[in-house]
Amino acid sequence: MATATWAVRTESLTKVFRLGLRGRPMTAVHRVDLAIESGEIFGFLGANGAGKTTIFKILTGLVTPTSGNVWILGRALGARASASPIGFLPESGYYHEFLTAEEFLRFTGQLCGMSRSRCAARIDELLELVGLTGVRQVTLRAFSKGMLQRIGIAQALINDPPLMILDEPMSGLDPIGRKQMRELILGLKVAGKTVLFSSHIVSDVELLCDRVTMLVKGSVVATGRVRDLLHPRAHEPSELMIEGMNEEGLFHLQPLVSRLVHRDAQVVVTVQGASQVEMVLDVIRVSKARLVSLTPQQRSLEELFASSRDESSEVNS
Amino acid sequence: MIRVWAVALCTIREAVRDKLLYNLVAFALFLIGSTILLSRLTLGDFHRLVLDVGLASINLFGVVIAIFVGVGLVNREIDRKTIYVVLSKTIPRWQFLLGKYLGLACTVAGNVAVMAVGLALVLWVMDVPMHGELAGALVAICLELWVLTAVALLCSTFTTTTLSAICTLAVYVIGHSIGQLTALGAKLDTLGRTVLTAIAYVMPDLERFNLKGLVVEPHSFSSLDFSLMVAYGLTYIGSLLALATLVFKRRDFQ
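In this text, all values refer to a predicted model and were calculated from it rather than measured experimentally.

Colleague: Is there a simple way to explain the overall build of chain A in this structure?
Modeller: The helix and strand inventory of chain A stands at ten helices and 14 strands. By residue count, 38% of the 317 residues in chain A fall in the buried class. In chain A, once contacts between residues fewer than 6 apart in sequence are set aside, the share between residues at least 24 apart is 72%.

Colleague: Hey, could you run me through the overall build of chain B in this one?
Modeller: A tally of helices and strands in chain B yields 13 helices and zero strands. By the compact-globule yardstick of 18 Å for 254 residues, chain B fits well, its C-alpha radius of gyration being 20 Å. Dimensions of chain B, computed from the C-alpha atoms along their principal axes, are close to 60 × 50 × 30 Å. The buried share of chain B, taken over its 254 residues, is 41%. Counting only contacts in chain B whose residues sit at least 6 apart along the sequence, the fraction spanning at least 24 positions is 82%.

Colleague: I'm lost on the packing of helix H8 (residues 132-156) of chain B against helix H9 (residues 161-175) of chain B in this one. Help?
Modeller: Two quantities define a packed helix pair, namely the angle between the helix axes and the distance between the axes. All names here are of chain B. Two elements in contact, H8 and H9, have axes whose closest approach is 9 Å; the angle formed by their N-to-C orientations is 145 degrees. Between H8 and H9 lies a crossing of right-handed hand. Contacts from Leu148, Val151, Ala152, Cys155 and Ser156 in H8 reach Ser164, Cys167, Thr168, Val171 and Tyr172 in H9. Classifying every residue of the contact of H8 with H9 gives seven nonpolar, three polar and no charged.

Colleague: Explain the pairing of strand E7 (residues 163-167) of chain A here, please?
Modeller: On a regular strand, one side chain projects to one face of the sheet and the next to the other, so that they alternate. All names here are of chain A. Summarising burial for E7: five of the five residues are buried, a large majority. Both faces of E7 are covered, namely the face carrying Leu163, Ile165 and Asp167 and the face carrying Met164 and Leu166. Relative to E7, strand E6 (residues 86-89) runs parallel, the two sharing four bridges. Counted as the bridge partner of Gly87 is Met164 from E7. When E7 meets strand E8 (residues 194-199), the two strands line up parallel, connected through five bridges. The partner of Leu163 across the bridge, within E8, is Thr194.

Colleague: Looking at this structure, how should I read the sheet that holds E7 of chain A?
Modeller: Think of a sheet as strands paired side by side through backbone hydrogen bonds, with each pair either parallel or antiparallel. All names here are of chain A. Strand order across the open sheet formed by six strands is E6-E7-E8-E3-E9-E10, with mixed pairing between neighbours. Looking at which strands have only one partner, the edges of the open sheet turn out to be E6 and strand E10 (219-225). On average, each strand axis in the sheet is tilted by 15 degrees relative to the strand beside it, whichever way the strands run. Sheet contacts for helix H1 (residues 52-59): strand E3 (41-45), E6, E7, E8 and strand E9 (211-216); angle to E7, the most-contacted strand, approximately 145 degrees.

Colleague: Whenever I open this one, the domain arrangement of chain A confuses me. Can you help?
Modeller: A common way to state how big an interface is: give the accessible area lost once the parts meet. Residues and elements named next belong to chain A. Taken domain by domain, chain A holds domain 1 (6-85 + 161-229), domain 2 (96-150) and domain 3 (237-296). Computed from C-alpha atoms alone, the centre-to-centre distance between domain 1 and domain 2 is 25 Å. In terms of residue class, the side of domain 1 that touches domain 2 is made up of four nonpolar, three polar and no charged.

Colleague: Could you clarify how one ought to interpret the interface of chain A and chain B in this entry?
Modeller: Between chain A and chain B, the contact holds 25 residues from the first and 21 residues from the second. At the level of secondary structure, the elements contributing two or more residues to the side of chain A that touches chain B comprise E6 and helix H2 (101-111) of chain A. At four residues, the largest contribution of residues to the side of chain A that touches chain B is made by H2 of chain A. In the side of chain A that touches chain B, the residues fall into 15 nonpolar, nine polar and one charged.

Colleague: Got a minute to help me understand unusual backbone geometry in this structure?
Modeller: The general pattern is negative phi for most residues beyond glycine and trans for most peptide bonds. Residue and element names in this part refer to chain A. In this structure, Lys217 is a non-glycine residue whose phi angle is positive, near 50 degrees. By the secondary structure assignment, Lys217 is in the loop between E9 and E10. The backbone phi angle of Lys288 is positive, close to 55 degrees, even though this residue is not glycine. Along the chain, Lys288 turns up in the loop between helix H9 (274-287) and strand E14 (290-296).

Colleague: I keep staring at the pairing of E8 of chain A and nothing clicks. Help me out?
Modeller: Of all six residues in E8 of chain A, six are buried; the element is thus mostly enclosed. For the segment spanning E7 of chain A, helix H5 (residues 175-190) of chain A and E8 of chain A, crossover handedness is right-handed.

Colleague: I'm lost on the confidence of the model for chain A in this one. Help?
Modeller: Parts of the model with low pLDDT should not have their predicted coordinates read in detail. In this model, chain A carries a mean pLDDT of 85, and residues with pLDDT of at least 70 account for 89%. Looking across chain A, the model is least confident in helix H10 (residues 301-316) of chain A, with a mean pLDDT of 64, and most confident in H2 of chain A, with 93.

Colleague: Whenever I open this one, the confidence of the model for chain B confuses me. Can you help?
Modeller: When pLDDT is averaged across chain B, the result is 86; 96% of the residues are at 70 or more. For chain B, helix H12 (residues 212-216) of chain B is the element with the lowest average pLDDT, namely 72, and helix H13 (residues 223-249) of chain B is the one with the highest, namely 92.

Conventions adopted
Residues numbered from 1 in each chain as written. Chains lettered and ligands numbered in written order. Predicted model: local features only at pLDDT ≥ 70, side-chain atom pairs only at ≥ 80, totals over all residues. Helix = DSSP H or I, 4+ residues; strand = E, 2+ residues; numbered from the N terminus. Buried ≥ 20, exposed ≤ 12 C-beta atoms within 10 Å, placed from the backbone. Contact = placed C-beta atoms within 7 Å. Rg over C-alpha atoms; globule rule 2.2 N^0.38 Å. Axes fitted to C-alpha atoms, helices over the stretch in contact; angles between N-to-C directions. Left-handed = near helix turned anticlockwise from the far one by under 90°. Nonpolar A, V, L, I, M, F, W, Y, C, P; charged D, E, K, R; others polar. Pairing = 2+ DSSP bridges. Domains from an automatic or database assignment. Right-handed = clockwise from strand over helix to strand, strands pointing away. pLDDT = per-residue confidence, 0-100.

In structure tokens, the structure reads:
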């Protein structure tokens, strides 16, 4: 059952493509269960071919699922809605390059059933929002990559949909473009929209998302709040900076630490797990040294992603 | 209808902003204009030559435009991935196809009109009389091109641009040989006759739209005959669009 608070919900969503003349099966998405809350920024993390884009295409009706159920804003996929609840920014920004920015936005507005006058007002707002007012009469073929991504966001917002799906919105953007895109996405959340987006750039996902899901070869390997996924586990390392440690203390430290580096008058040690940390603290107390800092080595999302991918490869092999 | 009109307008804009179209129309106009020179070299009926070459040029270049622009109608949207933006909006797929078709049908009609104006100018310069049959022949050419456009659209929903062009060209050739196919079938065994008869029924009989002979040598062609020809063309187009929709509805866009 789909609950109204879920913006998107899937149950055992599966897509198998048939390739070549003999129809060789290729599973792009395998039994994916998702429950995305209204108003959150939800990230999809995965390597090329992980199934992110296929899930987006299923949600936008471009691809038919082989099996499973999908609900979008409480409505089963395929049920005819009077207004599209989804604004979609496809990967790589391929648009009708022979149209001007204004013509393109009017075209997409009319595809949503908007009248010419309603489009006109909305186009002014959106061009202002994405900073393209000055180039409204310029054809898209003259646009830079960053401008194309911004016009892409504008077309996705044309009918003010409550759900936005952004496929690799940062792809090909320079650092300034990425910063602008991040601000745009955060602005969408402030405006009360649910945002689903995929990226290869883990730092962007880490910065923006309330929750993420990691996909490996079409299957979900982890889903959760970013801080929960990154929460240090008992066996994970911590780094301690110690000052005034004597020779005897160093002798006792050696077997407890995995790494020891002298830095001027200080010693930096890396310790595995909470119990080892306690033992090192005891040595510090006995040696009358001073603890300068203790930093748990929290995993980055990138490390988590890499370890999930490795674990999945091991299981498959 | 806003959605259908939006797709049609976008298709017209794409065609109008494509240099290939202008080159084709310019070349057709050049060919029609060259009949002025050709007629000076002709000893016999130069009226007939101007009308023959003029109408044949309009037909030929119309076919080239219908095939080469028509086969790319859907494939270009898929290849350039612009279809993702279009179909992710609330437009049913049949409306997208109808819009595409109407856009190209308008473009084809516009091109025929421009070439017809060129022909009319040549006829006026050459002092060749113009009568109602000429307008009828131009409408028939337009209908034939619209049928071909529908064939091209159907092909482009399930195969590549090159294969679509080959298929549409094949339909054009077969469509003008229905009479010969039927005659050949009569000389074959049952199987051969059945196959050729089936082809003759399924393929569009494009010779029905060939009224050029009426213009050159006027003879009776009633308004009922004309209405039947129009009804045949529109029914065939409707059937092709319905089939294209059925194919297109099942398609995944990877």
